[in-house]
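What follows is the residue order along each chain.
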Amino acid sequence: MLNFAAGLLIAYLIGSISFAVVVSKFVGLADPRTYGSKNPGATNVLRSGNKKAAVLTLLGDALKGTLAVALAFHFQDQLGYSRTDIAWIGLAAFIGHLYPVFFKFEGGKGVATALGVLLGLNWVLGLATAITWIVIAYFFRYSSLAALIAALFAVFYNALLFGINGQAAAITIMSALLIYRHKQNIANLIAGKESKIGQKKS
Ligand code: G3P
């Protein structure tokens, strides 16, 4: 029980590192929480026009999710983690990104981190979800729409691969939170006001 709580805490702290803010500061860009959608995420960093910073943000935010899960798998035997425990540890990293302790609990929408968590849990699950995002983004050019559809498909892919169990519950909560964090994007999409990928915003 203590090991599980420690795993959740460490994952939450790893997830709390906002790469959008850190990378932007490092390369001398404005804080992404001050422009565009004001979301500290790769899509919004791309609106600054700095593609490298956006890619670094994407990688950092995804890898922190993968790292949290990979660490849990690495110490699985010593710490007695079940597969369900590890999925919940991944969810804790995702929640860290959404509500980061280092940034006044004002975080991002969790797309890259969710993808990293899924990749860590199972590469087929992560890859299928990433491909879903890419296909929707390619055809519709909306990062948010791609994320919303990929989040729904992630639940479906996981059920196909692993069935309905504790891991399915963790992934369903992760997708539900991701959708909840996109409520403004959903309103914008419905109103036809959502900006397309790479479209700059003041
Ligand atoms: O990665 C988050 C994305 O789905 C939407 O971001 O900045 O357009 O709200 P944004």
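Just so you know, these numbers come straight off a predicted model, no measurement behind them.

The rules behind these values
- Going along each chain's sequence as written, the residues are numbered from 1 onward.
- In keeping with the model being predicted, local features are shown solely for residues with a pLDDT of at least 70 and side-chain atom pairs are shown and tallied solely at 80 or more, while totals for entire chains, interfaces and linings include all residues.
- With hydrogens and water excluded, all non-hydrogen atoms of the structure serve as input to the side-chain values.
- The numbering of helices and of strands both runs from the N terminus, where a helix is a DSSP run of H or I of at least 4 residues and a strand a run of E of at least 2.
- Only protein chains enter the accessibility calculation, which uses a 1.4 Å probe; a residue whose area is less than 20% of its type maximum is buried, one above 50% is exposed, and one in between is partly exposed.
- Should any heavy atoms of two residues lie within 4.5 Å, those residues are counted as being in contact.
- Each residue gets a pLDDT score, which is the predictor's confidence in that residue and runs from 0 to 100.
- The criterion for a residue being near a molecule or strand is simple. One of its heavy atoms has to lie within 4 Å of it.
- Distance and chemistry together define a polar contact, namely a pair of N or O atoms within 3.5 Å, with one atom able to donate a hydrogen and the other to accept it when in protein, and with adjacent residues in sequence counting only for side-chain atoms on both sides.
- Here the open area of atoms and residues is found with the Shrake-Rupley method and a 1.4 Å probe, where only the protein chains shown may cover a residue.
- In this classification, Asp, Glu, Lys and Arg are treated as charged, Ala, Val, Leu, Ile, Met, Phe, Trp, Tyr, Cys and Pro as nonpolar, and every other residue, Gly included, as polar.

Q: Any chance you could break down the environment of Gly90 for me, citing the residues and the numbers?
A: Locating Gly90 in the fold gives a position in helix α6 (residues 83-98). You can call Gly90 buried: its relative accessible area is 0%. Once residues within four sequence positions are removed from consideration, Gly90 is found in contact with Val69 and Val117.

Q: Can you break down the confidence of the model for the chain residue by residue, with the values?
A: Mean pLDDT over the chain stands at 97; residues scoring 70 or higher make up 99%. For this predicted complex, the interface confidence reaches an ipTM of 0.95, while the overall pTM sits at 0.96.

Q: Which residues make up the environment of Phe162, and what are the values?
A: Residue position: Phe162 is located in helix α9 (residues 143-162). Taking the relative accessible area as the measure of exposure, Phe162 reaches 26% and is therefore partly exposed. Between the C-alpha atoms of Phe162 and Leu125, which are 37 residues apart in sequence, the distance is 9.7 Å. Not counting residues within four places of it along the chain, the set of residues in contact with Phe162 comprises Arg83, Asn122 and Gln167.

Q: Lay out the site of the ligand with the relevant residues and their values.
A: Residues in contact with the ligand, as listed here, are Ser37, Asn39, Thr43, Asn44, Arg47, Lys109, Val111, Ser143, Ser144, Ala147, His182 and Asn185. Note that an oxygen atom of the ligand is positioned 2.5 Å from one of the side-chain N or O atoms of Ser37. In this structure, an oxygen atom belonging to the ligand sits 2.7 Å away from a side-chain N or O atom of Arg47. Burial of the ligand by the protein amounts to 94% of the accessible area it has alone, namely 310 Å². Across the shell around the ligand, the residue classes break down as two nonpolar, eight polar and two charged.

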